[in-house]
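Working through the structure, step by step
Residue-level listing of the chains:
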Amino acid sequence: MKATVYVTIKQSVLDPQGNAVQGALHSMGFEEVGKVRVGKYLELELDTTDRAEAEERLKAMCEKLLANTVIEDYRFELN
């Protein structure tokens, strides 16, 4: 089973990397770009066919390692 995990900085947290990307885009002439938020995209192959177990394990992975839940949100999809 394939899992896709998206980790993003919470809206209430400043995103200096996003600000740097926005500034770079503006300096390159892309003035139409508004606010930029930077996140992480991960693909994982899970060796299970049990969807409920996969969801439980993914939640544990995200909360223990893949996302810093103090400043980041996460969501995942199973395919």
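Here, every reference points to the structure presented above.
Bear in mind that the values here come from a model prediction, so they are computed numbers and not experimental data.

If you look at the biggest cluster of nonpolar residues, it comprises eleven residues: Ala3, Val5, Val7, Leu44, Leu46, Ala54, Leu58, Cys62, Leu66, Ala67 and Leu78. At the level of secondary structure, the elements contributing two or more residues to this core comprise strand E1 (2–9) and helix H2 (51–66). Here this core gets four residues from one element, more than from any other, and that element is H2. The contacts of Ala67, once residues within four sequence positions are left out, are Val7, Cys62, Glu72 and Tyr74.

Okay, H2 next. The end-to-end C-alpha distance of H2 is 20 Å, clearly below the 22 Å that 16 residues give at a rise of 1.5 Å each. All buried positions along H2 are accounted for by Ala54, Leu58, Cys62 and Leu66. Along the long axis of H2, the arc covered by the buried residues comes to 70°, so they all point the same way. Turned more than 90 degrees away from the buried face of H2, the exposed residues are Ala52, Glu56, Arg57 and Lys64. The N-cap of H2, judged by a side-chain oxygen 3.1 Å from the amide nitrogen of Ala52 a few residues on, is Asp50.

About the thresholds
Residues numbered from 1 in each chain as written. Predicted model: local features only at pLDDT ≥ 70, side-chain atom pairs only at ≥ 80, totals over all residues. Heavy atoms only, no water. Core = buried A, V, L, I, M, F, W, Y, C linked by side-chain atoms within 4.5 Å. Buried < 20%, exposed > 50% of the residue type's maximum accessible area, 1.4 Å probe, protein only. Helix = DSSP H or I, 4+ residues; strand = E, 2+ residues; numbered from the N terminus. Contact = heavy atoms within 4.5 Å. Expected span 1.5 Å × (residues − 1). Arc of directions from axis to C-beta. Polar contact = N/O pair within 3.5 Å; in protein donor to acceptor, adjacent residues only side chain to side chain.

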